[in-house]
Amino acid sequence: RGRGGLVAVVYVSEASNAAVMSILEKAAEEACKKHGARVVNVFQDVEYNRTGFTLGVKQHSEDEAEGVGGAVEPLRQSAMALTERALSLVDLRNHSATHPRCGVVDHISCHALGETDAAAAVSLARHLGEGIGGHLHIPVLMYGLASPVGAQLADLRRQYGYFRETAVVPEGGGKEG
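Residues numbered from 1 in each chain as written. Predicted model: local features only at pLDDT ≥ 70, side-chain atom pairs only at ≥ 80, totals over all residues. Heavy atoms only, no water.

(A) Broad picture of the overall build of the chain. Within the chain, the secondary structure is distributed over four helices and four strands. For the chain, with 177 residues in total, the buried portion stands at 43%. For the chain, contacts bridging at least 24 residues in sequence account for 70% of all contacts bridging at least 6. (Helix = DSSP H or I, 4+ residues; strand = E, 2+ residues; numbered from the N terminus. Buried < 20%, exposed > 50% of the residue type's maximum accessible area, 1.4 Å probe, protein only. Contact = heavy atoms within 4.5 Å.)

So, in structure tokens, the structure goes:
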């Protein structure tokens, strides 16, 4: 009987390139199968040119003996694998979207569900941050309970220019002559 679960929503700055999306969806499925998680949902927003991959694990009472790590590790490994694959495929130099973004994988939100303690989501976020920052050498910003200083997502987005214009303007400013 399930007691709760843990999810990581990996937001990738791509939704309009069908070939890339097919590869990313397959990568998510394979990573989850390999590490013991599952793809719960894939939401492609073509206008935003952004896709949210919701990866999840159920937490059962026997997972409690392993602490939060029992649910965290399969999800961390799955999200890391998807992140690495997205970084190898998506090129933001010619990326255009109506949604602001900070990078190829611009946001990973971690959530505890049901009776799962919020500490599991905090642990997942911190372990993902360590892996992405340390292994992939990509700057990581923590927010909410995962932030050591209590930073909030909206404040970080404003501070680091998240809301700047992200659409690529064609030569000539897009005006017809």
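What follows continues from the structure just given.
(B) Representation of the pairing of strand E2 (residues 38-45) within the structure. As judged from the seven bridges shared by E2 and strand E3 (residues 50-59), these two strands associate in the antiparallel manner. Its bridge partner lying in E3, Asp-45 is registered against Arg-50. Taking the residues between adjacent antiparallel strands as the criterion, E2 and E3 are bridged by four residues, where Asn-49 takes a positive phi near 50°. (Pairing = 2+ DSSP bridges.)

(C) Focus on the pairing of strand E1 (residues 4-12). Of all the nine residues making up E1, eight are buried; the element is thus mostly covered by neighbouring parts of the structure. Sheet topology places E1 next to E3; nine bridges connect them, and they run antiparallel. Residue pairing across strands places Val-7 opposite Gly-56, the latter belonging to E3. Inspection of the sheet shows E1 paired to strand E4 (residues 105-114) by nine bridges, in the antiparallel sense.

(D) Focus on the sheet that holds E2. In spatial order, the strands read E2-E3-E1-E4; together these four strands make up an open sheet with antiparallel pairing. The sheet is open, and its two edges are formed by E2 and E4, each paired on a single side. Taken pair by pair, the neighbouring strands of this sheet meet at an average axis angle of 15°, ignoring direction. Contacting E1 and E4, helix H3 (residues 118-135) crosses the sheet at an angle of about 155° to E4. (Axes fitted to C-alpha atoms, helices over the stretch in contact; angles between N-to-C directions.)

(E) Main features of the environment of Glu-115. Structurally, Glu-115 can be placed in the loop between E4 and H3. Glu-115 gets classed as exposed once you look at its relative accessible area, which sits at 54%. Note: C-alpha distance between Glu-115 and Gln-59 (56 residues apart in sequence) is 8.7 Å. Residues contacting Glu-115, with those up to four places away along its chain left out, are Arg-3 and Gly-4.

(F) A look at the environment of Val-9. With respect to the helices and strands, the residue Val-9 is situated in strand E1. Looking at Val-9, the relative accessible area reads 9%, which means it is buried. For Val-9, the residues in contact, after removing those within four places along its chain, are Gly-52, Phe-53, Thr-54, His-107, Ile-108, Ser-109 and His-111.

(G) Highlighting H3. For H3, with 18 residues, the first-to-last C-alpha span of 25 Å sits near the 26 Å given by 1.5 Å per residue. The set of residues buried in H3 consists of Ala-120, Ala-121, Val-122, Ser-123, Leu-124, Ala-125, Leu-128, Gly-129, Gly-131 and Ile-132. N-capping of H3 is provided by Asp-117, with a side-chain oxygen placed 2.7 Å from the backbone N of Ala-119. (Expected span 1.5 Å × (residues − 1). Polar contact = N/O pair within 3.5 Å; in protein donor to acceptor, adjacent residues only side chain to side chain.)

(H) Structural context of the side chain of Arg-50. Here Arg-50 lies in strand E3. For Arg-50, a relative accessible area of 11% corresponds to the buried category. Here Asp-106 takes part through its side chain, which lies 3.1 Å from a polar atom of the side chain of Arg-50.

(I) View of unusual backbone geometry. The backbone of Asn-49 sits at a positive phi, close to 50°, despite the residue not being glycine. Tracing the sequence through the fold places Asn-49 in the loop between E2 and E3. Judged by its relative accessible area of 6%, Asn-49 falls in the buried class. Even without being glycine, His-137 reaches a positive phi, approximately 60°. Positionally, His-137 belongs in the loop between H3 and helix H4 (153-159).

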